[in-house]
Every structure is written in C-alpha cells, then in structure tokens.
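Here is what each chain is made of, one letter per residue.
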Protein chains: 2
Amino acid sequence: MSATAALQIALRPQTVCRGAGAPRRDELGALDRLGTVASLRREQPLFHEADPAEFYFKVVTGAIRSCKLLADGRRHVGEFFMPGDFIGLDAETNYMFTAEAVTDATVVRYSRRRVDALAWQEPGIGRSLLKIACHRLSSAQQQMVLLSRKTAEERIASFILGLADRNGATDRISLPMTRTDIGDHLGLTMETVSRALTQLKKDGVIELTSSHELVILDRDMLADLADAA
Amino acid sequence: MSATAALQIALRPQTVCRGAGAPRRDELGALDRLGTVASLRREQPLFHEADPAEFYFKVVTGAIRSCKLLADGRRHVGEFFMPGDFIGLDAETNYMFTAEAVTDATVVRYSRRRVDALAWQEPGIGRSLLKIACHRLSSAQQQMVLLSRKTAEERIASFILGLADRNGATDRISLPMTRTDIGDHLGLTMETVSRALTQLKKDGVIELTSSHELVILDRDMLADLADAA
DNA sequence: CGCGCGCTTGACTAACTTCAAAGATGGTGG
DNA sequence: CCACCATCTTTGAAGTTAGTCAAGCGCGCG
C-alpha cells in the first residue's frame, strides 16, 4: 500500500480538480507512467474470456477486437478497439470476452490492482473510469438497437458512420478487419456484408478504393440510411 | 457546495471503507435519505430520450422499461428495470432512452447533481456507481451476443433464465410485460415470441400458468437452449 | 509468378416477419 | 355479479430478408 500512496502523490497534481467536460481520451494520461508497452502480431490474443483480469489496456497503434463465442462456435465481435481506446473496464474479476489483435498492434498495460487502488483514493481517476464506462454503455445501447431492429444495409451504414466519427474529420475510412469480423460485429454473415457494401457503392454513397479502405461520397445519404436513432 | 459538504458528512460513516465484494443492491442504501418517492401508472413515462438528465432513479415496486425508437417507429426495449435496479447512470447530460412504466410502479428519485457531487468527494459512492455501470456493461455485452447470434428459441430461453436469476430461487416467473415488449427487447416480433413460448411449453421445458406467469419445469434444458455463452 | 486467403457473386433455402383472423383475458359499468 | 368490450395472445398461411452452399475472382505475399 505504500507503493500506492507514492503513486497517488506522484499523480495528484494532474488528476485533482479536473473539469468534467473533457473528452474521454487522455483524461487518464496521468496513468501512463504506470503502464508498460506490449506488442501483438495480427490474430494474437491479448487475453481470453474468463481469464483473471489482471490488467487494463489502452490501444496505442493497430486495432483489437473483442470476441465472445457460443458453444457451437457462433461468434460475436463486441467492439473494435482503436488507438486511444481503453480495454478491460467491464471485467469484475475475470475478463468478459477474448481480445485479439486485428492487425499488428501495440498496447499499454496497466495493473488493475494499482489503478483500482488509485481510483479508490482519487475521485478524479474513479470519475474518469466511470465516464468511460458510461460512454461504452451508451455505445452498447446504440449497438443493441442496431442488432435488434436495423436491416443489413442500415447496419453497414451505421458501422461506417461510427468508424468515420472516430477517424476524425476525413471521409477516407480504413477497414483493417475482415468482412467476417464486420459480419460478426453486426450480426450478419460475411456474404451479406459484402453485398451491402456493393449496394452502397452502386448507389454512389461510398467508393471502395480497396477491400480494406473506402471513401464516403454522400455522408447525408449514409446518415439517412443509418437512421438517426 | 456547503449542502454537499453536509451530505458528505452525514453519509460518511456508512459509505467509507466498504468492502468491494458486496452485491450491487443496497450498496447505495446510504443515498436513500437523498431520494424522494414517486408513483407511476402503467404506461406512464418516467422521462424521455434526450431530456436533460436531472435525476437518477431506483425502482422500488413494479417494472420500468427503457425504449429507443428509430425514425420510422421501430422500437427497441433495452432493459426491464425491476425493484432494486438503478436507472440513469449511462446518461452523460441527457437521457439516452425513454423510460416508461410497464406496470404501476414506484421509484425513488435522486438529484444527479447531488449524487455526482458526492461521488466526486466520496470514493465509496463513485466506486459503487462504477460497479453498477460495469455490471450493466457485462449484461449489455451478453445481450448483444443474443441479438447478434441466437435463434428465436434461444433468445426466449435466455430471457426466461435472466428473469429467473433476478427473481431469486423460485421457478415461478412473472412476466409483467406484453409479448410485444418482450419481442422489442429480444429483436423479435410478438408473434415469434408467442410461438417460441408455445414451443417451449410443448417440449415440457416450461408451463404457461397464465399469459403473464410461467413456471420453469426443466432448468437444465432451458440452460442448454440458452447456450451457456 | 503462382499460391492462398479473403472477397464477390449467384442460386437456393430457412428463419423470421407480415398479414389475417380467431381465441383468451381482464377491467368496467350496468 | 355478470356481461361486454378493448386489448392482448395465439395460430395459420404467405411473403421477405438474410443465411447457406458453391463457384470464380483478385489481391498480396512469398
């Protein structure tokens, strides 16, 4: 616990009295000195579902996906984690999903024990974590509407817009994941994903510059298709 | 802020130094003196999506559902809140869904401003909120697997087991919501819900004692159907 | 250059939805 | 207390969307 106390002291100047309105990225920047960097090859697992949750992670480069499997092998991809995204918050004591690298990736690894101890003593840290959790919860609720009620084309349109929002202002979107990954994320098959993308291309809404990159040609049309829920 | 300080003092003996392993119900019991009780008639809204989020709520009696609508009226029911459940945590500044009474209900209403101020100063409160948020996130992830990959019968089986887990040890399950509510929660139509329930009855897995109550006859079979994801 | 994996496309199928109608349920007023 | 009516639920038949199965294409890597 003395180590924790030392960390608390070291971090206090940066974490106390922060406003509550800042974006979620980098609000935990003060934790960086607690983290160690790790590299992953494409398809390499970061952790498995049900493993004891020893670490939080933050993506630095590349992309990570979270997966859950049913007994017969049906797969669901819960989320694609991009640079800046925080992983592992939802774990109580064990991870709730498997995390695997979509592409070669680097992550920062934080001891949960230490971060949690810090959160216990520093309301600023705790509130940042809560804020991340609430934001993830909102996203999950949006995704449930998508999975529950949207058509294949609407799902793809929503997915592309979601990527666009995270990619910054550009209309050139990178799709590091496979069609199967996208399908497993949207509750569709690879084939249906492919057909929907082709249809959006035919309709002049997007351009497929390669199988892993597209350009948004008509964002308004895309938003209409996605249905501003 | 002096009011907050007074509250903090009043609550401190009950909120500081709590262990982290307790169940989520009642860990916020210390907040009860901050809350006021409100009653709702069946179908009455508690708040609407996009309203400014002034309050947290906790269900005391009855059931509340959260709804989101697409532009053309398609509906998704995110969650059924039962007695003890906490509502509104995911709201950043505005509610992310509409909340309506499924049955006549009573809730306790807490000022978000006050609770948040308290959470800022009392790590114990903040951690309880974080814990609730993480638990909800886990549930949301489970629900996304269901919506993404499970068949109609699997969805119904999972739903019944979920209710059973919350209802305590009994195998007699109350279904206060309509078939349409269940369908909108599981990404199915009313008719499909009805057919799946009938099928489970024919298979001897459940008994339908009335249209709003059922009894689990074979919990193992139900768990197999739900697919231990 | 060729090989392998992932993507696209086509034809067919299955699961769920839609449309329709009849059967329960429960709440209300006579 | 009972009958009626609105609403919810069940069931049937036809339609639609997305899934499955299968074949061919193309990009990227060795």
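Up top is the structure these notes are about.
In this report, we go over the structure that sits alongside the text. Computed from a predicted model, the values in this text were never measured in an experiment.

**Looking at the pairing of strand β4 (residues 64-69) of chain B**
Residue and element names in this part refer to chain B.
And then number 1: Counting buried positions along β4 yields five of six residues, so the element is predominantly enclosed.
And then number 2: Here β4 pairs with strand β5 (residues 75-81) via six bridges, running antiparallel. Pairing of L69 across the sheet is with R75, part of β5.
And then number 3: Taken together, β4 and the strand that follows it, β5, pair antiparallel across an intervening segment of five residues, in which G73 is found at a positive phi of about 105°.
And then number 4: Taken together, the four bridges between β4 and strand β7 (residues 98-101) define a ladder with antiparallel strand orientation. If you follow S66 over to β7, its bridge partner there is A99.

**Quick notes on the sheet that holds strand β2 (residues 45-47) of chain B**
Residues and elements named next belong to chain B.
And then number 1: Strand order in this open sheet of four strands is β2-β7-β4-β5, and the pairing throughout is antiparallel. The sheet terminates laterally at β2 and β5, the two strands that pair on one side only. Here the strands of the sheet are splayed against their neighbours by 30° on average, with no regard to which way each runs.
And then number 2: Relative to β7, β2 is paired through two bridges, and the arrangement is antiparallel.

**Quick notes on the protein's contact with DNA strand D**
And then number 1: Taken together, 18 residues lie near DNA strand D, and A152(A), T192(A), R195(A), R179(B) and S194(B) sit nearest.
And then number 2: Sugar plus phosphate: this is where 61% of the atoms of DNA strand D within 4 Å of the protein reside.
And then number 3: Between DNA strand D and R179(B) there is a distance of 2.8 Å, counted from a phosphate oxygen to a side-chain nitrogen or oxygen.
And then number 4: Within the side chain of R195(B), one N or O atom sits 2.9 Å away from a base nitrogen of DNA strand D.
And then number 5: When contributions to the surface near DNA strand D are tallied by element, the ones reaching two or more residues are α6 (190-202) of chain A together with α6 (190-202) of chain B.
And then number 6: In terms of residues, the surface near DNA strand D owes the most to one element, α6(B), which gives five residues.

Parameters and conventions
Residues numbered from 1 in each chain as written. Chains lettered and ligands numbered in written order. Predicted model: local features only at pLDDT ≥ 70, side-chain atom pairs only at ≥ 80, totals over all residues. Heavy atoms only, no water. Buried < 20%, exposed > 50% of the residue type's maximum accessible area, 1.4 Å probe, protein only. Helix = DSSP H or I, 4+ residues; strand = E, 2+ residues; numbered from the N terminus. Pairing = 2+ DSSP bridges. Axes fitted to C-alpha atoms, helices over the stretch in contact; angles between N-to-C directions. Near = heavy atom within 4 Å. Polar contact = N/O pair within 3.5 Å; in protein donor to acceptor, adjacent residues only side chain to side chain.

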